[in-house]
Amino acid sequence: MLLIAALIVSSLTSCKRKLVLTPNYEVTSQQVYSTPAGIKESLAKVYGSFALTGNSGPAGSPDIDGIDEGTSDFFRLFWYAQELPTDEAVIAWGDPGVPDFHAMDWSSSNVNLLGLYDRSLYQITLVNEFLIQTTDAQMASHGITGQDLVNVHYYRAEARFLRAFQYWVLLDLFAKPPFVTDATPVGSVLPPQTTSRAALFSYVESELKAIDPLMVPPMKNEYPRADEGAVWALLARLYLNAGVYTGTLNADGSYTTGTVRWTDAITYANKVIAAGYSLNSSYDNLFLADNNTNGAQNENIFAIAYDGNNTQGYGGTTFMTHAPVGGSMPSLSYGISGGWAGVRTTSSLTSLFPAPKTQNTTNFPNNADADTRAEFWYDGQNTTISNITSFTDGIGVNKWRNVTSAGAQGSNPSFSDIDEPLFRLPEMYLIYAEATLNGGTGGSTATALAYINALRTRAYNGSVAGNITNTQLTTQFILDERARELYWEGFRRTDLIRYNLFTPGTYVWPFKGGVQAGTGVAVYRNVYPIPDQDRAANPNLKQNPGY
Amino acid sequence: MKKTYLIKYVFLLFFALSTATVFAQTSVVSGKVVDETNQPLPGASVSVKGTQKSTGTDANGNFRLTGVSNGAVTLHVTFVGYQVAEKTVNVSGNVTVNFGLQPNSKDLNEVVVIGYGTQKKKDLTGSITNVTAKDFNTGDITSPEELIQGKVAGVSIVSNSGAPGAPITITIRGGASVNGSSAPLIVIDGTPLSNDGIAGVENPLDMINPNDIASFSILKDASAAAIYGNRASNGVIIITTKKGQAGRPVINFSTQVSLGTLPKEAPVLSPSQFRAYITANDTTASHQYINLLGSANTDWQKQIYQTSLSEKNLSNADNLSISGTAGKLPYRISVGFDKQNGILKTTDLQRYSTGINLSPSLFTDHLKINFSFLGSQVQQRFANEGGVISDAVDFNPTLPVYSGNSNFGGYYELLDPSAADGLKSLAPLNPVGLLYENDNRSTVYRAISSLNLDYKFHFFPDLHAGVNFAYDGSNQQGFNIIPAYAASSYPGSPDANGVDQTGSRSKYKTVVGNKTFDATLNYAHDFTSIKSSVTALLGYSQQDFSNTAYNFLSYFGNGEVTPNSVATLAEYPYSTNAYDLTSVYGRLIYNYDDKYLLTASLRSDVSTKFAPGIRTGNFPAIALAWVLSHEDFLKGNTVLTNLKLRLEYGVTGNQDGIGDYDYLSDYSLSNSTARYPFGNTFYEGYRPGGLYPGRTWEQTATANAGLDFGFLNDRISGTLDVYSRKTSKLLFDIPQPAGANFVNQIVGNVGNMQDKGIELNLNGKVIDTKDITWNVGLNGTLNRNKITNLSQIFNPDEAPVLTGGISGGTGNTIQIYKLGDAKGTFYVYQQVYGTNGKPLDGVFVDQNGDGIINNQDLITEHNANPQEYFGINSDFRYRKWNVGFSARADLGNYVYDNVASSTGIQRNFLNPLGIINNGDSNVLQSGLTGNGSNDLLSDYYLYNASFFRMDNAHIGYNFGKVFGKTGDLKISANVQNVFVITKYPGVDPEVAGGIDNNFYPRPRTYVLGLNLTL
């Protein structure tokens, strides 16, 4: 009896039970934000969330649930949404919701759209948390002062830029997403409010203007962090599409363009162009493994950085190097262990280039096309697409290769080293020209022509043979030139919408609308639907018209 | 009729005598206890009622009680699995009393283990099924749960595959949770086991030697299980191990040898069918695919499975136990060895186990001590099952196993000269190479031990105090070696110098330590004057769970350390997950006149998995029973001899299946391959965890009505239960409003689910004579599950949650959680068929009529869970022979044939990657191309996989005494997995989760066994 009593008492007293058990492998936000190193590691997550899919590379600890982790990557999904429904790309895979893009029959439960929407809002949520945790009051409480505090102020401005960038993505693709800022508490029991497309446009514009003076000056920041040049470039792109972003889809299905802002587009394109960026001499080198050092970095205004050993995932440029390789394409030349036999382009894109002199494999990657930007693979591929799911129907694209400009394989055969530029100087030239031709002030057609011919001279390997004259410089030419210069970089859907060619039957490409000859689709498909899953979770959201 | 009176009379007499009289003189009472076949029963317990006097029978069934007071005494004999026998004798001088016990698993006086105590079966108010050693399944039993598979209504026990040591899914009444665990709580000798897995052991119960188990008690409804509150929502299985008996030592030795065979190969094309198919379907001008045909004829499945008789597919198990009483110390010690060879080559398992049980009583039985120790070492070798089995289906059957050169270990692989590593990208690998070029082994030690002290107060014998200390610890270590030349390790990854290296050597280690402390007070008293008896329990319990995983350096095939493992190890050398449960509980059992029974219990649990303030869950239960057969209107009825009506209601909780620290929303650092560069430095990123601070207990309320009945003095007995169970605050992975949280889905307390069902257990002694006995058991269960709400605020249009990932493409799912449907429901396109009955390629029903087939045309159809399931077992004995079988049937369970959907399509055979693959022979009937993106989700691949399976058939012979008066020898022959009747075309219709994808087939096993008792 005494024994039992002693045992009971001893076990009750010896077990001073802790109220809160804490893991040895995680830390609290207070710990994270109390040191400059911890703050920079938080910033690394804020930036890294558009290069990575989770906390474990290449996969294993995803940020986004409910979707295959490899497919939850920002650039891969952004690329699906911007390129697959256009004349620039078709995809062989039957993965959930993927074929719907080219067929232009996506539904509001498309899992890829949900993934992209969640990815953009995830990065926004991380930015909000970063801003909440790094206020001056918070920093003072952690004793962060001096140069460390100056750095934090730059980090905060950059975080706000990333948030503005993701809101631009949502504005362009989904029109009226939920709206949360650092003024909205995270984990709030009330679901976020929604916003209108015009209000979101104004928010992105005002936010970018507000952070402009707070950013590191152009080309002066640590690579690949954002600087003032990136803010201007996004403003230029925003203004270029202002008519679309402030327009309305009417109840009868017709569309009214909103307020165009050509002059503002020219203003900010000018700022970027004057900031010191320069065209790299070789177009071929722009999307290679060493494009952070081979000169392309001087042309890139802002890029997502990838690294074969340190920044691994199944999206981004790993997707851009693996997914287009199949058929007879030699994986060795692409610096990878093997292709995924997925994406090709259509004759609508290749026909914009001069006919190549040869289509054999010895003239890799340009087939001796006068325009070196025509990096296509014809061997074993059928130019005519009769079956989208057959990789050999359609033309291969060689633009992204995980090899250095010296021809060496990237650091890892399974993951790419190529950085993916979100803004390049040529886009600013093209914005300048397009806005000028559309009547914006602050630019001249002569300068516009010079900018376009600068791109073409570089494309023709320094030759003026491809230069155009003033009379050739039309808005249609700019659209085509954008395709030639920027194909597969995530611009095409936005460009076709701005030219009102995305949905109508007036411009068709192979299998547009799921029909081999191509067909028009309803105008409401100019914006994507708000995903069903989020509408169920958040009753404040309203579906876009038509869905 | 007369018997009842007699027992009552004896009781009254006993009370009168024991309370009124004190005797001075004593005598010796001795005798023998035998079973129904006149065989001695060693280890039966014999006691003198109303005193502390008790003893056990020796190996020859003899007992001897000294110091018995003279006068009329009642001797009470119990033996597990047999009816209690009592005889009243008038002692004056030494007397001899013999007992012949009658077996009866349904004996109403049988003592059943309930939570924190025992109860006679006749006094039960809850839905509890008890299975004792005598009713266990026989044959090649390698894991404890196989002992009761198919025996108990409402309990489904399914091995996940045929691999040695494969995990087994146990669900009681369909399981109460979705995201939370659906596994029942298992308690061994007072030690509640954790449901968290131990790395390197697929089935934690596998660490326990089935031969050490004496009985199972399955608490199915809330009133029975609620005393375990915190983890009881999915039911409780209480396992009691064997104990030592009085008398001289009894030695038991058993050995068995078994042969496993492959019952069925996955249906693929033969090499000649394959050649014909490729030749007929290759329409390319260059005969691209025909040119890939080789000249070999290889049955890849025969290459990976054990098919010829050799020591590689023989398994054996040996057990030795000794039990008895040394001085005053009853003991049982056992050792066991079990070696299982899997039918997939290279897979095996070896278990060394030992069990020690000591159960002394001190202070004239006032202090009862039970010490139990179960220790085991399990060594296992695993194969890359999924890869090997799927590549054996896929790999071109016209290619040889070996290439004739030394590349890739000499195995024939598909090559691509343009690739850096020379291998064809995304192509299947040689399954034989994949099998042998992977050495994955683990060694696990586990000890489950408990010390239970029960003290009966000297001054107040109605009151007992008990404490129980239990520890469940395991240490698991393993390694995985893939040689540098293995094709599976290409293209490799860069070492510290940037040179690509292949092969790998890695190590893993997990240490688990779970502690339990219980303190209880028990009060029991018969208030004879008011025909009442009361049993009360008050308890306090503390459980600490801890699981530590260690990080190690890993190496390339050439011995160089991998850069990533250096970085991971530098971050933290180990990670520990821990949680605590603190509980108080009480129970009151009231019995009036053996007619009206009441049980009420309440348990309050505190779990550290939830935020302070919302950690407590209260779990009440109440049950009433009315023994109608004790009422006057049924007394004397010789047909209906037992009838009891039970009504029960209770609430239980669930906190399994969520992380230990989830409410904290801590930051975690990314690993070294998920860093982002700033300048020339790569930074790990800090990620905030998802926020759901309000998460709390999932609660399940169960109402149960039951009827226990016995006809013809229990020649036919059974139970019938009807239940309705509602789970609220369902722990479910729900979408979060985008922008509102750091995760887009999080486990919250959302939604409701309900299960309704009927269970019937029937047991019959069809023949019951001295020479012939025939017992038949039947059970059936009907269960209907429905999700009734899945969102924070009830929303009939809520978005469904997709689940059930399948292979073929990336990110496809085939199942759904949807309002109004059962869990495990399939979510598919409805296939359209042509006039010839064949499916039309890529044509599906446009459900919403918008002219487009997209995911809005998916519909819910059927589900993976059986709608009804049945068990039947029969045991027939003629003198020393016995034959028997046990079988099960599941009805209405559907299976999605992922092997056919991903490989039985033209696109897989004539693969656009420029290779030819084999695949499911279904392609010959369906002719489907698989080109359409929706094809994989066609309901064409959904099968009604109802089946009838003969689990076991056995025959045995009992030689009886082989060494004069001692040495009881039995031999037996068993067949496991005898046959399956089903319309399902795949390898096996019984697939946990309902998705058949590269299933490791359950072997058909032939077993010879010998059992010798000395």
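Just so you know, these numbers come straight off a predicted model, no measurement behind them.

Asks: In this structure, what is going on with the overall build of chain A? I would like to understand it.
Replies: When its secondary structure is counted, chain A shows 19 helices and 10 strands. For 547 residues, the compact-globule formula gives about 24 Å, and the C-alpha radius of gyration of chain A, at 25 Å, lands near that figure. With respect to the principal axes defined by its C-alpha atoms, chain A has extents near 100 × 50 × 50 Å. Counting every position in chain A, which comprises 547 residues, the buried fraction comes to 63%. A separation threshold of at least 6 residues defines the contact pool for chain A, and within that pool the share at least 24 residues apart is 67%. In the form shown here, chain A has an accessible surface area of approximately 16,900 Å², with 55% of it arising from carbon and sulfur atoms. Across chain A, 35 positive and 49 negative side-chain charges occur, with their mean positions spaced 4 Å apart.

Asks: Quick question: what am I supposed to make of the pairing of strand E32 (residues 596-607) of chain B here?
Replies: Two faces belong to every sheet, and in a regular strand the side chains alternate between them. All names here are of chain B. By the bridge criterion, 12 bridges tie strand E31 (residues 574-592) to E32 in an arrangement that is antiparallel. Within E32, the residue paired with Gly 586 across the bridge is Leu 602. Taken together, the 11 bridges between E32 and strand E33 (residues 616-627) define a ladder with antiparallel strand orientation. Bridging across to E33, Asp 605 finds its partner in Gly 617.

Asks: Can you help me understand the packing of helix H4 (residues 74-83) of chain A against helix H6 (residues 111-133) of chain A in this one?
Replies: When two helices pack together, their arrangement is given by the angle between the helix axes and by the axis-to-axis distance. Residue and element names in this part refer to chain A. Put simply, H4 and H6 touch, their axes get as near as 9 Å, and they point 130 degrees apart. Considering their axes alone, H4 and H6 lie oblique with respect to each other. For the element pair H4 and H6, the recorded crossing hand is left-handed. Residues Phe 74, Leu 77, Phe 78, Tyr 80 and Ala 81 of H4 lie in contact with H6, whose contacting residues are Asn 112, Gly 115, Leu 116, Arg 119 and Ser 120. Grouping the constituent residues of the contact of H4 with H6 by class yields 6 nonpolar, 3 polar and 1 charged.

Asks: I tried to follow the sheet that holds strand E53 (residues 894-897) of chain B on my own but got confused; where do I start?
Replies: Strand pairing within a sheet occurs via backbone hydrogen bonds; the two strands may be parallel or antiparallel. Residue and element names in this part refer to chain B. Strand order across the open sheet formed by 3 strands is E56-E53-E59, with mixed pairing between neighbours. Only two strands of the sheet have a single neighbouring strand rather than two, namely strand E56 (942-944) and strand E59 (995-996). Sheet topology places E53 next to E56; 3 bridges connect them, and they run antiparallel. When the sheet's bridge partners are listed, Tyr 894 is paired in E56 with Asn 944.

Asks: I tried to follow a nonpolar patch on the surface on my own but got confused; where do I start?
Replies: Residues and elements named next belong to chain B. A surface patch of nonpolar side chains, amounting to about 890 Å² of accessible area, comprises Ile 251, Phe 253, Leu 320, Ile 322, Ile 333, Val 335, Phe 959, Val 962, Phe 963, Ile 971, Leu 1010 and Leu 1014. Elements represented by at least two residues in the nonpolar patch include exactly strand E18 (250-261), strand E19 (314-326), strand E20 (329-341) and strand E57 (947-963). With 3 residues, E57 is the single largest residue contributor to the nonpolar patch. Turning to its location among the elements, Val 962 is positioned in strand E57.

Asks: Is there a simple way to think about the interface of chain B and chain A in this case?
Replies: A common way to express how large an interface is: the accessible area buried when the components associate. Each partner contributes residues to the interface: chain B has 88 residues there, and chain A has 109 residues. Counting each side, the surface lost to burial between chain B and chain A is near 8,000 Å², with a carbon and sulfur contribution of 57%. Linking chain B to chain A there are 1 salt bridge. A salt bridge links A:Asp63 to B:Arg687; the nearest nitrogen and oxygen atoms lie 2.6 Å apart. At the boundary of chain B and chain A, one finds 32 residue pairs in polar contact (both at pLDDT 80 or more). Looking at the side of chain B that touches chain A, the element that brings in the most residues is E31(B), giving 9 residues. Taken together, the residues of the side of chain B that touches chain A sort by class into 44 nonpolar, 33 polar and 11 charged.

Asks: Explain the sheet that holds strand E50 (residues 859-863) of chain B here, please?
Replies: Residues and elements named next belong to chain B. Reading across from one edge, E45-E46-E47-E50 is the order of the 4 strands in this open sheet, with antiparallel pairing throughout. Of all the strands in the sheet, just strand E45 (801-805) and E50 have a single pairing partner and so form its edges. With strand direction ignored, the average angle separating the axes of adjacent strands in the sheet is 45 degrees. Judged from the 4 bridges that link them, E45 and strand E46 (residues 813-817) form a sheet pairing that is antiparallel. Counted as the bridge partner of Val 801 is Tyr 817 from E46.

Asks: Help me understand helix H5 (residues 385-394) of chain B in this model?
Replies: Counting along an α-helix, one turn takes 3.6 residues, and residues three or four places apart therefore face a common direction. Residue and element names in this part refer to chain B. With 8 of 10 residues buried, H5 lies mostly within the body of the structure. Among the residues of H5, those classed as buried are Gly 387, Val 388, Ile 389, Ser 390, Asp 391, Ala 392, Val 393 and Asp 394. Packing partners of the buried residues in H5 comprise helix H4 (300-304), helix H6 (431-436), helix H8 (898-903) and helix H9 (906-909).

Asks: Before we go on, may I ask you to explain the nonpolar core in this structure?
Replies: Proteins that are soluble and globular tend to have nonpolar side chains buried together. Ranked by size, the top nonpolar core spans 150 residues in total, and within it A:Trp79, A:Tyr80, A:Phe161, A:Phe302, A:Phe423 and A:Met428 carry the most contacts. The biggest single contributor to this core is helix H8 (residues 146-173) of chain A, with 14 residues. Apart from the residues within four sequence positions on either side, A:Phe423 is in contact with A:Phe161, A:Phe165, A:Ala233, A:Leu234, A:Arg237, A:Glu299, A:Asn300, A:Ile301, A:Phe302 and A:Met428. In this structure, B:Tyr411, B:Leu414, B:Leu423 and B:Tyr1000 belong to the second largest nonpolar core, which totals 27 residues.

Asks: Would you mind showing me how to read the packing of aromatic side chains here?
Replies: Any two aromatic rings considered together are summarised by their centre-to-centre distance and by the angle between their planes. In this structure the tally under the stated criterion is 79 aromatic pairs over all chains. Ring centres of B:Phe732 and B:Tyr817 lie 5.2 Å apart, and the angle between their planes is 80 degrees; on these two criteria the pair is classed as edge-to-face. With B:Phe732 in strand E41 (residues 731-735) and B:Tyr817 in strand E46, this residue pair connects regions lying 85 residues apart in the sequence. Using a relative accessible area of 16% as the deciding quantity, one classes B:Tyr817 as buried. Looking at A:Arg237, its charged tip hangs above the ring of A:Trp168, at a distance of 4.9 Å from the centre. Sitting over the ring of A:Tyr487, A:Lys399 keeps its end group 4.1 Å from the ring centre.

Asks: What should I look at first to understand unusual backbone geometry in this one?
Replies: Leaving glycine out, the prevailing phi sign among residues is negative, and the prevailing peptide bond configuration is trans. Each neighbour pair has its own omega, and for A:Tyr223 with A:Pro224 the value is 0 degrees, a cis peptide bond. Of note, A:Pro224 is situated in the loop between helix H9 (197-211) and helix H10 (228-240). Looking along the chain, the bond that leaves B:Tyr490 and enters B:Pro491 is cis, with omega of 5 degrees. Here B:Pro491 is to be found in the loop between strand E25 (463-482) and strand E26 (493-494). Of note, B:Thr364 is a non-glycine position whose phi angle comes to about 45 degrees, a positive value. By the secondary structure assignment, B:Thr364 is in the loop between strand E22 (361-362) and strand E23 (367-382). Look at B:Asn998: it is not a glycine, yet its phi comes out positive at around 55 degrees. Within the fold, B:Asn998 resides in the loop between E59 and strand E60 (1004-1013). Looking at B:Asn998, the relative accessible area reads 18%, which means it is buried.

Cut-offs and rules
- Residues numbered from 1 in each chain as written.
- Chains lettered and ligands numbered in written order.
- Predicted model: local features only at pLDDT ≥ 70, side-chain atom pairs only at ≥ 80, totals over all residues.
- Heavy atoms only, no water.
- Helix = DSSP H or I, 4+ residues; strand = E, 2+ residues; numbered from the N terminus.
- Rg over C-alpha atoms; globule rule 2.2 N^0.38 Å.
- Buried < 20%, exposed > 50% of the residue type's maximum accessible area, 1.4 Å probe, protein only.
- Contact = heavy atoms within 4.5 Å.
- Areas by Shrake-Rupley, 256 points an atom, 1.4 Å probe, with all protein chains shown as cover.
- Lys, Arg positive; Asp, Glu negative; His and termini not counted.
- Charge placed at Lys NZ, Arg CZ, Asp CG, Glu CD.
- Pairing = 2+ DSSP bridges.
- Axes fitted to C-alpha atoms, helices over the stretch in contact; angles between N-to-C directions.
- Parallel < 35°, antiparallel > 145°, perpendicular 65-115°, else oblique.
- Left-handed = near helix turned anticlockwise from the far one by under 90°.
- Nonpolar A, V, L, I, M, F, W, Y, C, P; charged D, E, K, R; others polar.
- Patch = residues over 30% accessible without salt bridge, like charges linked within 9 Å, V, L, I, M, F, W, Y side chains within 5 Å.
- Salt bridge = Lys/Arg side-chain N within 4 Å of Asp/Glu carboxyl O.
- Buried area = accessible area lost by both parts, 1.4 Å probe.
- Polar contact = N/O pair within 3.5 Å; in protein donor to acceptor, adjacent residues only side chain to side chain.
- Core = buried A, V, L, I, M, F, W, Y, C linked by side-chain atoms within 4.5 Å.
- Phe/Tyr/Trp six-rings, centres within 6.5 Å; stacked < 30°, edge-to-face > 60°.
- Lys NZ or Arg CZ within 6 Å of the ring centre and 35° of its normal.

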